[in-house]
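# Reading the structure
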Amino acid sequence: MSKTMRMITTLRQHWPEYLMEAWGLGTFMLAAGLVGTFLFSPHYLPHNFVPHPLMQRVVMGLGMGLTAMGIMYSPWGKQSGAHINPAVSLTFYRLGKMQYWDMVFYILFQFIGGLIGVLIVAFLLKQAFIDPPVQYIVTIPSGAGVAVAFIGEFIISVMMMGMVLYSSNHPKLAPLSPVFAACLITSFVIFESPLSGFSMNPARTVASALPSGIWTAIWLYFVAPIAGMLTAAQLYLVIRGKHNIFCAKLYHHPHYRCIHCGWKPLRRDRTKTTF
């Protein structure tokens, strides 16, 4: 089969998962835009009720963490695996748990979905979202500089992928992977976002950069997350071995098909089966 035919066949068979990935990051960006605008824009009352920067980040972190957890536990998140991040998809491809065209289409639809989410918020909230201080919730390095932002993005990416690989491949912890991810995202927003704006996701940063025209140090939001997650994957391979990586899903639920490992869903009336 030629490359073109393989691409077309894969797209025809797996397009629902690709759309789910677009929906996932689009939903995340929609929530980030709404919560960020209500918290940081002086046009809205929450900004006056939560004026302290630390408390604003706590509320923002909880909003983002709970949104991510909801996406991962949703039926669509369970089916696609809820990567919603090109760095995650690239890492699972590197680990041999994704096919090439699945990885390509996951990434493409993640970028599309993220941008659509941002544009929806801009349409709904207009200048409050577009103008400073919200400014399309762009991610740019803080006054501490690009190097510090790079280190921050790299470290949180290592932590996130390390957690995903360990928990998702542990039968007792796998159902809690979305909870662990939510806790990490919340803590990253609170403690790391003052350094880099908290991205950990190239598609998330581009979704804000395209309509805003703000591309400050854009390279680091590609290089640091990808390098960090690939580093975590390599460490996991060294410590645990490739045989301890079961699938590319963050949470492998037995009732949903898996285009990565070939799992077919069981009928809900059958006995409980682990992956």
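Residues numbered from 1 in each chain as written. Predicted model: local features only at pLDDT ≥ 70, side-chain atom pairs only at ≥ 80, totals over all residues. Heavy atoms only, no water.

### Comments concerning the overall build of the protein chain
Condition: Secondary structure elements are taken from DSSP: a helix is a run of H or I of four residues or more, a strand is a run of E of two residues or more, and numbering for both begins at the N terminus. A radius of gyration in this sense is built from C-alpha atoms; the matching globule rule multiplies 2.2 Å by the number of residues raised to 0.38.
Broken down by element type, the protein chain carries 12 helices and zero strands. For the protein chain, the sequential pattern of α-helices and β-strands runs α-α-α-α-α-α-α-α-α-α-α-α. Taken against the 2.2 N^0.38 rule, which gives 19 Å for 275 residues, the C-alpha radius of gyration of the protein chain at 19 Å falls within 12% of a compact globule. For the protein chain, the C-alpha atoms occupy an extent of roughly 55 × 40 × 40 Å along the three principal directions.

### Quick look at the UniProt feature "transmembrane region" (unreviewed entry) in the protein chain
Heads up, the condition is: UniProt positions are given in the numbering used here, feature names are shortened, and annotations may be inferred rather than shown by experiment.
UniProt's entry tags residues 21-42, 54-73, 103-125, 145-166, 173-191 and 218-239 with the feature "transmembrane region" (unreviewed entry), counted in the numbering of this structure. Along residues 103-125, the helical share is 100% and the strand share 0%, with 33 Å between the first and last C-alpha atoms. Counted over residues 218-239, helix gives 91% and strand 0%. Its end C-alpha atoms are 32 Å apart.

### A look at the packing of aromatic side chains
Applicable threshold: We call Phe, Tyr and Trp rings a pair once their centres come within 6.5 Å, taking the six-membered ring for Trp, and we label the pair stacked below 30 degrees between planes, edge-to-face above 60, and tilted otherwise. Note on exposure labels: buried denotes an accessible area under 20% of the residue type's maximum, exposed denotes more than 50%, and partly exposed covers the range between, all computed with a 1.4 Å probe on protein chains only. Placement of a charge over a ring requires the Lys NZ or Arg CZ to be within 6 Å of the ring centre, with the centre-to-atom vector within 35 degrees of the ring normal.
Tallied over the entire structure, the rule returns 12 aromatic pairs. Summarising the aromatic geometry, the rings of tyrosine 100 and tryptophan 101 are spaced 5.0 Å apart at their centres and angled 75° between planes, so their arrangement reads as edge-to-face. Take tyrosine 100: its relative accessible area is 42%, and that puts it in the partly exposed class. Judged by relative accessible area, tryptophan 101 falls into the buried class, the value being 19%. One cation-aromatic arrangement involves lysine 126 over phenylalanine 123; the distance from NZ or CZ to the ring centre is 5.0 Å.

### Here's the deal with the side chain of glutamine 79
Which entries qualify depends on this criterion: For this analysis, a polar contact is any N or O atom pair within 3.5 Å, provided that within protein one partner can donate a hydrogen and the other can accept it, and provided that sequence-adjacent residues contribute only side-chain to side-chain pairs. Contacts: residue pairs with any heavy atoms within 4.5 Å of one another.
Along the polypeptide, glutamine 79 turns up in helix α4 (residues 75-80). Take glutamine 79: its relative accessible area is 17%, and that puts it in the buried class. Within the structure, the side chain of glutamine 79 is placed 3.0 Å from the side chain of glutamate 17, a separation counted as a polar contact. Sequence-distant contacts of glutamine 79, that is, excluding residues within four places in its chain, are made with Pro16, Glu17, Met20, Lys249, Tyr256 and Arg257.

### Topic: helix α8 (residues 146-168)
Inclusion rule: Working rule for helices: expected span equals 1.5 Å times residues minus one.
With 23 residues, α8 ought to run about 33 Å at 1.5 Å a step, and its terminal C-alpha atoms sit 32 Å apart, in line with that. Where α8 is concerned, the buried positions are Ala149, Gly152, Glu153, Ile156, Ser157, Met160, Met161, Met163, Val164, Leu165, Ser167 and Ser168. Residues of α8 that are buried make contact with α5 (86-94), α9 (177-191), α10 (193-196) and α12 (220-239).

### Comments concerning the environment of serine 167
For serine 167, the position within the fold is in helix α8. For serine 167, a relative accessible area of 2% puts it in the buried group. A sequence separation of 53 residues divides serine 167 from leucine 220, and the C-alpha atoms of the two residues are 27 Å apart. Setting aside its immediate chain neighbours within four residues, serine 167 contacts Leu173, Ala174, Ser177 and Phe180.

### Focus: the pattern of salt bridges
Put simply, the test is: The term salt bridge refers to a pairing of a side-chain nitrogen on Lys or Arg with a carboxyl oxygen on Asp or Glu at a separation within 4 Å.
As enumerated under the stated definition, the model contains one salt bridge in all. As a salt-bridge pair, arginine 257 and glutamate 17 come within 2.7 Å of each other at their nearest N and O atoms. Here the residue arginine 257 occupies a position in the segment after α12, and glutamate 17 occupies one in helix α1 (residues 3-40), the gap between them amounting to 240 residues.

### Considerations on a nonpolar patch on the surface
Note the following rule: Residues enter patches when their relative accessible area tops 30% and they take part in no salt bridge; the joining distance is 9 Å for like charges and 5 Å for the nonpolar side chains Val, Leu, Ile, Met, Phe, Trp and Tyr. The method behind every accessible area is Shrake-Rupley, applied with a 1.4 Å probe, and residues are considered shielded solely by the protein chains displayed.
On the surface, Leu108, Ile112, Ile116, Ile120, Phe123 and Leu124 cluster together to form a nonpolar patch covering roughly 560 Å² of accessible area. Among the secondary structure elements, isoleucine 116 is positioned in helix α6 (residues 100-125). By relative accessible area, which is 46% here, isoleucine 116 ends up partly exposed.

### Notes on the packing of helix α11 (residues 202-212) against α12
We apply this condition: Throughout, an axis means a line fitted to C-alpha atoms (over the contacting stretch in the case of helices), and angles, computed between N-to-C directions, take values from 0 to 180 degrees. Should an angle fall under 35 degrees it is called roughly parallel, over 145 degrees roughly antiparallel, and 65 to 115 degrees roughly perpendicular, with every other angle called oblique. It is the rotation of the near helix from the far one that decides the hand of a crossing: anticlockwise by less than a right angle makes it left-handed, clockwise makes it right-handed. Polarity classes work like this: nonpolar for Ala, Val, Leu, Ile, Met, Phe, Trp, Tyr, Cys and Pro, charged for Asp, Glu, Lys and Arg, and polar for all others, with Gly in that last group.
Two numbers describe how α11 lies on α12: the axes approach to 9 Å, and their chain directions differ by 165°. In this view, α11 runs roughly antiparallel relative to α12, as classed from their interaxial angle. Our pair here, α11 against α12, has a crossing hand that is right-handed. Across the interface between the two elements, Pro202, Thr205 and Val206 from α11 touch Tyr221, Phe222 and Pro225 from α12. Taken together, the residues that form the contact of α11 with α12 break down as five nonpolar, one polar and no charged.

### Structural notes on the layout of surface pockets
Applied cut-off: Using a 1 Å grid laid over the protein atoms alone, points where a 1.4 Å probe fits but cannot get out form a cavity; open sets with protein on both sides within 12 Å along at least 5 of 7 lines form a pocket; any residue with an atom within 4 Å of a point counts as lining. Grid points are joined across faces, edges and corners, and a volume is the space filled by probe spheres set on the points.
In this model, the largest pocket occupies a volume close to 750 Å³. Considering the residues around the largest pocket, the lining is formed by 35 residues, among which Met60, Thr139, Gly197, Phe198 and Arg204 are closest to the centre. Take the lining of the largest pocket: its biggest share by element is five residues, from helix α3 (residues 53-73). Of the residues assigned to the lining of the largest pocket, the class counts are 25 nonpolar, eight polar and two charged.

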